[in-house]
Amino acid sequence: MTDVGPLFEIETVDVRGVPTKVFKHAPQSLRDVWEGSAAHADQDYLVYEDERITFAEAHRQVRALATWMRDDGVRQGDRVAIATRNYPEWVIAFWAAQVLGATVVPLNAWWTGPELAYGLQDSGAVVLFADSERAERVAPHLAATHVRTTVLVRGANAVDGVPFDDAVAVADEPLPEVEIAADDDATIMYTSGTTGRPKGAQQTQRNFGNFLMQGAYRVTLAAMEASTPPAEARSPRPMATLVTFPLFHVG
């Protein structure tokens, strides 16, 4: 399965001076992943309490929000922070930033105001998506950060900003053309900071693309092994993949 030719072919490439085994056919970027999901059209994508958002509607919102962020001055490589509960807006903001080639900075929703401000300042985030609780906490400290625009999610009114619903109500346009490289940063996720200041860990587009391929590989391999007599199951295993996700979800 990992030899030359198949979908899960593995090759060795130079990643910032380090020879690294990767899936040759992994998505180049998360934008590629998002664009591929458009094929699901009217199927449900996000479910939150009584709300249902289809793939088609999510794509419309992402295009609109990406258009709004572009017009607000967000450029490829800029850092976009998200500090909200597990709302659908979190997901839309994530993808809108990714399709622009921006770097998403998920902030720990349990952090205090000064801690949130530290993450904003340290990452250099220029846009912040915040719900009411996070907005109230960080409001007194925003002046000490690089944030120039705050997008307010679900009733947030403690700081001046743009309501999320207004941002996704703009006329959406085709996604801007950007060249996103596999080793461009996709996210910066912060450690808990239990022994000092939290540290930002960068994940590249390649990290996410190979993680997704790893999952597809294991599903395919499990299906093959389930239909193969144990004595004949000798499929090679690929390299291990480690990906980090925040562990501080607030529902």
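One can find the structure itself at the top, above this paragraph.
Below, the structure is looked at part by part. Please read all numbers here as calculations on a predicted model, not as lab measurements. (Residues numbered from 1 in each chain as written. Predicted model: local features only at pLDDT ≥ 70, side-chain atom pairs only at ≥ 80, totals over all residues. Heavy atoms only, no water.)

## Concerning the overall build of the protein
Looking only at helices and strands, the protein features 7 helices and 11 strands. Evaluated residue by residue, the protein yields a buried proportion of 45% over its 251 residues. Within the protein, contacts between residues at least 6 apart in sequence are counted, and of these 62% link residues at least 24 apart. Surface accessibility of the protein: about 12,600 Å² in total, with carbon and sulfur atoms responsible for 53%. (Helix = DSSP H or I, 4+ residues; strand = E, 2+ residues; numbered from the N terminus. Buried < 20%, exposed > 50% of the residue type's maximum accessible area, 1.4 Å probe, protein only. Contact = heavy atoms within 4.5 Å. Areas by Shrake-Rupley, 256 points an atom, 1.4 Å probe, with all protein chains shown as cover.)

## A look at the side chain of Thr-187
Looking at the element boundaries, Thr-187 is found in strand E10 (residues 185-190). Among the polar contacts made by the side chain of Thr-187, one reaches the side chain of Gln-203 at a distance of 2.5 Å. Leave out the neighbours within four places in its chain, and Thr-187 touches Phe-94, Gln-98, Thr-103, Val-104, Ala-201, Gln-202, Gln-203 and Phe-208. (Polar contact = N/O pair within 3.5 Å; in protein donor to acceptor, adjacent residues only side chain to side chain.)

## A short note on the nonpolar core
Ranked by internal contacts, the top residues of the largest apolar core, which has 37 residues, are Leu-65, Met-69, Val-80, Phe-129 and Phe-164. For this core, the element with the highest residue contribution is helix H3 (residues 88-99), accounting for 7 residues. Beyond its immediate sequence surroundings of up to four residues, Val-80 is in contact with Met-69, Val-74, Ala-97, Ala-102, Thr-103, Val-104, Val-105, Val-127 and Phe-129. Judged by nonpolar contacts, the second largest core, of 20 residues, contains Tyr-118, Leu-152, Val-159 and Ile-188. (Core = buried A, V, L, I, M, F, W, Y, C linked by side-chain atoms within 4.5 Å.)

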